[in-house]
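In case you want the letters, here they are:
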Amino acid sequence: AGFATFGSGSLPLILSNYDPADPLASVARLGVAAAVLCEFPLLERPFRETAVEVLRLDSSVARSPATAVASVGLLCGIAASNVELDTLSALGGATGGALLIYVAPALMSLRLRRPSAQD
């Protein structure tokens, strides 16, 4: 819808194309901010637990307040580094797409070919 409204000159974050004084755009910006604010805790904890698992640390480390502070600090540092949101989205999409297209089928195939304990 944003591209249809603003054409090829539209910015990556569609709400940036609207006038800052537009009251409906301001409501939409507040809605996006609230969604991101509420989404962060839901995404941070699985990130922390996955990082602890990948690093092969004890699972109790994930529940440590120091780990939570380090995780939030890392994520805030990345957010403050002025990396464009569309760049991060593209990186996440490309990584997820490659995983689904190339890695996951190979892992499933290997799992199916593994001899079972009954053989």
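In what follows, the structure referred to is the one given above.
Quick caveat: nothing in here was measured; it's all calculated off a predicted structure.

> Could you give an account of the packing of aromatic side chains, with specific residues and numbers?
As enumerated under the stated definition, the model contains one aromatic pair in all. Plain terms: the ring middles of Phe-6 and Tyr-18 are 5.0 Å apart, the flat faces sit at 85° to each other, and that makes the pair edge-to-face. Linking Phe-6 in helix α1 (residues 2-6) with Tyr-18 in the loop between α1 and α2 (23-54), this pair joins segments that are twelve residues apart in sequence. Using a relative accessible area of 28% as the deciding quantity, one classes Phe-6 as partly exposed.

> Summarise the pattern of salt bridges; cite the residues concerned and give the values.
Taken as a whole and assessed by the stated rule, the structure comprises two salt bridges. The partner of Glu-44 in a salt bridge is Arg-48, and the shortest N-O contact between them spans 3.0 Å. Here Arg-48 and Glu-44 lie together in helix α2, a separation of four residues that amounts to about one turn. Classification of Glu-44 by relative accessible area gives buried; the value is 7%.

The rules behind each value
Residues numbered from 1 in each chain as written. Predicted model: local features only at pLDDT ≥ 70, side-chain atom pairs only at ≥ 80, totals over all residues. Heavy atoms only, no water. Phe/Tyr/Trp six-rings, centres within 6.5 Å; stacked < 30°, edge-to-face > 60°. Helix = DSSP H or I, 4+ residues; strand = E, 2+ residues; numbered from the N terminus. Buried < 20%, exposed > 50% of the residue type's maximum accessible area, 1.4 Å probe, protein only. Salt bridge = Lys/Arg side-chain N within 4 Å of Asp/Glu carboxyl O.

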